[in-house]
Amino acid sequence: MASHGINPAEFKVIRFFKKKKTGQICEDLEPWDEAYFTGMLKSSAYNLDSSVVASYFPLHQCIEGLKVLVESLFGATFHTIPLAPGESWHPDVLKMSLHHPEEGDLGYLYLDLYSRKDKYPGCAHFAIKGGRRLSETEYQLPVVAIVNNFSGSHGKSYARLNHWEVETLFHEFGHALPSLLSRTEDQHFSGTRVVLDLAETPSNLFECYAWDYRVLRKFSRHYSTGEVIPEKLVESMQGAKKMFAAIDLQRQIFYALIDQTLFGEQLSSQSDTISVVADLKRQHTSWKHVESTHWQTPLHFLNYGAGYYSYLYAKCFAATIWKKVGEEDPLSSTTGTALRTKLLQHGGAKDPADLLTDLTGDGILQFRDGGIVPDLTSHCDEMKL
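The structure contained in this document is the topic of the report that follows. A quick note: this is a predicted structure, and the numbers were derived from the prediction, not measured.

1. Observations regarding empty space enclosed by the protein
- Scanning all chains against the criterion turns up two cavities of 30 Å³ or more.
- Roughly 100 Å³ of internal volume is contained in the largest cavity.
- Surrounding the largest cavity, His175, Pro178, Gly191, Thr192, Val194, Leu198, Ala199, Pro202, Leu343, Leu344, Gly347 and Leu355 form its lining.
- Every element with two or more residues in the lining of the largest cavity is listed here: α5 (163–181) and α6 (196–199).
- By residue class, the composition of the lining of the largest cavity is eight nonpolar, four polar and no charged.
- Ala127, Lys129, Gly130, Gly131, Pro142, Ser179, Ser190, Gly191, Thr192 and Arg193 together form the lining of the second largest cavity.
- Residues belonging to the lining of the second largest cavity are distributed by class as follows: two nonpolar, six polar and two charged.

Structure, rendered in structure tokens:
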């Protein structure tokens, strides 16, 4: 059994739990055991039932949660508006305008949230039209779409989300906000058109909002009783999230290493991707490689090309922003003004190091080897690492 890696204590906990559940004296761990047994351990430790959690997240209330965010933070409101004939690619699509009482319409957002046959399979944000300055008095308003694959169909009141789906919705909304709020001169710098190191930071920041009880109590209601989600339930969810944090971090580092090896400047001596993955897995994780498998192929390394590390960068940047700007009062207009004026409205038109330090002050990044690296402190503190 491989025993190296950064998570020997967590690995041993899973191994012991598997022995206990299977009743076998010597039971090794297989790669497919991770999700199964960590899920069981989290549910057991915090008495969590995913169906009970989902009962507090009917989809229509989660959309209300997005409205709470823009109204509390930015003083803006989402309004559902009718679609013109031929405008929508499917009847499930919802269109909303983001409106500010003093600035007028800021942009338009399409929501295509339900799974259906032959639909794009992932969860994503798409910039349909970037914002740009047309004249001294006129600005081209951005148009964006959030695409998810939640169970159910439009108008069905029973569509309810698991909390990881709520987190995903808030993540994609964190991509949409820079697109909707950026006010750049050129559309090539609007929204998410930023350097890769910064691209995932707003989306990871808004995941924090999906875990904070002060935010969840504003929109999370039981689908049948209307009861506000109990604070103790949210505390249990937060506790379960922190379990196996080292394994989660190890996995992201492993993915980044694969990406760097396949697409980085130093070419691998291995002749195929399966060999590369197998070798890296043996070196850097506590899990065995299963021969004749190629689980890496569905991962979107091809979209990042040696830039997958930016997810880890974003988690660290977002944790520091949350701690220094959002955590004290996450829904205040003061927090929203700081996020909008110092981060979201600039897109890629301002140097990322300047954006981050203007927003949080010193301590969010370090300059190294001609580039920047994130400070790890806030992320490690958040995950109790």
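2. Remarks on the packing of aromatic side chains
- In this structure the tally under the stated criterion is 15 aromatic pairs.
- Where Phe11 meets Trp287, the ring centres are 5.0 Å apart and the plane angle is 70°; that geometry is what we call edge-to-face. Here Phe11 is found in helix α1 (residues 8–22), whereas its partner Trp287 is found in the loop between α11 (273–284) and α12 (301–304), with 276 residues between them in sequence. The exposure classification of Phe11 matches that of Trp287, with both residues buried.
- For the ring pair Tyr120 and Phe126, a centre distance of 5.6 Å and an interplane angle of 80° mean the geometry is edge-to-face.
- Assessed through its relative accessible area of 44%, Tyr120 is described here as partly exposed.
- By the ring-pair criterion, three or more aromatic residues cluster together here, those being Phe254, Tyr255, Tyr308 and Tyr311.
- One residue, Lys95, lies across the ring of Tyr108, its end atom 5.1 Å from the ring centre.

3. What about the side chain of His289?
- Counting through the fold element by element, His289 comes out in the loop between α11 and α12.
- You can call His289 buried: its relative accessible area is 12%.
- Filtering out sequence-adjacent residues up to four positions away, His289 remains in contact with Ile274, Ala278, Lys281 and Arg282.

4. Focus: the side chain of Ser332
- Tracing the backbone through its elements, the reader meets Ser332 in the loop between α13 (310–326) and α14 (333–342).
- A polar contact is formed between the side chain of Ser332 and the side chain of Thr335, at a distance of 2.9 Å.
- Ser332 has contacts with Ser72 and Leu73, leaving out every residue within four places of it along the chain.

5. Comments concerning the packing of α13 against α14
- The contact between α13 and α14 brings their axes to 10 Å, and the two run at 135°. In terms of orientation, α13 and α14 fall into the oblique class. Counting all contacts with α13, which are made through Ile321, Val325 and Gly326, the residues of α14 involved are Thr335, Ala338 and Leu339.
- Broken down by class, the residue content of the contact of α13 with α14 amounts to four nonpolar, two polar and no charged.

6. Examining the nonpolar core
- With 71 residues, the main nonpolar core has Phe57 and Tyr209 as its most contacted residues.
- Of all the elements, helix α4 (residues 59–74) adds the most residues to this core, at nine residues.

7. Some words on the packing of α13 against helix α15 (residues 352–360)
- Running from amino to carboxyl end, α13 crosses α15 at an angle of 25°, the nearest separation of the two axes being 9 Å. The angle between α13 and α15 places the two elements in the roughly parallel class. Taking contact as the criterion, the partners of Phe317, Ile321, Lys324 and Val325 in α13 are, on α15, Leu356, Leu359 and Thr360.
- For the contact of α13 with α15, the residue count by class is five nonpolar, one polar and one charged.

8. Concerning the layout of surface pockets
- Considering only enclosed or pocket space, the second largest pocket measures out at about 380 Å³ in volume.
- Asp212, Lys242, Trp322, Glu327 and Glu382 are, among the 17 residues lining the second largest pocket, the residues nearest its centre.
- Sorting the residues of the lining of the second largest pocket by element identifies α8 (213–216), α9 (231–242), α13 and α16 (377–382) as the ones contributing at least two each.
- For the lining of the second largest pocket, a count of residues per class yields six nonpolar, two polar and nine charged.

9. A few points about the pairing of strand β7 (residues 143–150)
- Within β7, eight of the eight residues are buried, which leaves the element mostly enclosed by the surrounding structure.
- Strand direction decides the pairing type here: strand β3 (residues 104–114) and β7, joined by six bridges, are parallel. What sits directly across from Tyr108, in β7, is Val143.
- Bridge analysis of strand β4 (residues 124–129) against β7 gives five bridges, and the strand direction is antiparallel.

Thresholds, definitions, all that
Residues numbered from 1 in each chain as written. Predicted model: local features only at pLDDT ≥ 70, side-chain atom pairs only at ≥ 80, totals over all residues. Heavy atoms only, no water. 1 Å grid on protein atoms, 1.4 Å probe; cavity = no way out; pocket = protein on both sides within 12 Å on 5 of 7 lines; lining within 4 Å. Points joined across faces, edges and corners; volume = space filled by probe spheres on them. Helix = DSSP H or I, 4+ residues; strand = E, 2+ residues; numbered from the N terminus. Nonpolar A, V, L, I, M, F, W, Y, C, P; charged D, E, K, R; others polar. Phe/Tyr/Trp six-rings, centres within 6.5 Å; stacked < 30°, edge-to-face > 60°. Buried < 20%, exposed > 50% of the residue type's maximum accessible area, 1.4 Å probe, protein only. Lys NZ or Arg CZ within 6 Å of the ring centre and 35° of its normal. Contact = heavy atoms within 4.5 Å. Polar contact = N/O pair within 3.5 Å; in protein donor to acceptor, adjacent residues only side chain to side chain. Axes fitted to C-alpha atoms, helices over the stretch in contact; angles between N-to-C directions. Parallel < 35°, antiparallel > 145°, perpendicular 65-115°, else oblique. Core = buried A, V, L, I, M, F, W, Y, C linked by side-chain atoms within 4.5 Å. Pairing = 2+ DSSP bridges.

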